[in-house]
Amino acid sequence: MSDSEASSGGTAAVTAVRNSVFLGVFLAVATHPKVPFTIVELAGRGITAAAAATRWVLEVGKPSLDGFTLAGKLIDLGEREDQLVDLWQAYGSGDVDAAAFETRLTEIVAAMEKWPSAPERLTVGER
């Protein structure tokens, strides 16, 4: 990364990931002493998907989508974040057992891995 990238987009990407609710929850899940390894693995996939989403927004979404389309995509991603937070809180309070937690976490992570959907998955310059 060049100095100019580090002072502009690179810094924004690092800040976005560092301040990520996704990252905080997935790290809490992965380091919880009572979750099975399958859930730790899901948390790792979630961290990867969240980082890929941040990168896509900065490198593809912002330069290639109009504001309304990008906002719609970000709202969709925000809904996944809300689902993740709610699920983690429910698991922590005992309202959700380990099996249900793993099933719902799998659904959230799979949705994140598919985000953004194919038609908007452009590379810069493909417009």
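Reading guide: rules and limits
Residues numbered from 1 in each chain as written. Predicted model: local features only at pLDDT ≥ 70, side-chain atom pairs only at ≥ 80, totals over all residues. Heavy atoms only, no water. Phe/Tyr/Trp six-rings, centres within 6.5 Å; stacked < 30°, edge-to-face > 60°. Helix = DSSP H or I, 4+ residues; strand = E, 2+ residues; numbered from the N terminus. Buried < 20%, exposed > 50% of the residue type's maximum accessible area, 1.4 Å probe, protein only. pLDDT = per-residue confidence, 0-100. Contact = heavy atoms within 4.5 Å. Core = buried A, V, L, I, M, F, W, Y, C linked by side-chain atoms within 4.5 Å.

## Here's the deal with the packing of aromatic side chains
Then, in step 1: Considering all chains together, one arrives at 5 aromatic pairs under this definition.
Then, in step 2: A centroid spacing of 5.8 Å and a plane angle of 50 degrees characterise the contact between W88 and F101, whose relative ring orientation is tilted. You can see W88 sitting in helix α5 (residues 67–93) and its partner F101 sitting in helix α6 (residues 98–114), a full 13 residues away along the chain. Comparing W88 with F101, the two get one shared label, buried.
Then, in step 3: What links up through ring pairs into an aromatic cluster is the set W88, Y91 and F101.

## Observations regarding the confidence of the model for the chain
Then, in step 1: Here the chain averages 82 in pLDDT, and 76% of its residues register 70 or above.
Then, in step 2: At the level of individual helices and strands, the chain shows its lowest average pLDDT in helix α1 (residues 3–7), which scores 44, and its highest in α6, which scores 96.
Then, in step 3: For residues 1–11, every residue scores under 50 in pLDDT, and the model assigns this stretch 6 contacts once sequence neighbours within four places are set aside.

## Notes on the nonpolar core
Then, in step 1: F26, V29, F101 and L105 are the most contacted members of the largest nonpolar core, which totals 29 residues.
Then, in step 2: Breaking this core down by element, the ones donating at least two residues are α3 (21–31), α4 (37–64), α5 and α6.
Then, in step 3: Broken down by element, the residue count for this core peaks at 9 residues, all from α4.
Then, in step 4: When near neighbours in sequence (up to four residues on either side) are disregarded, V29 contacts V35, I39, A43, W88, F101 and L105.

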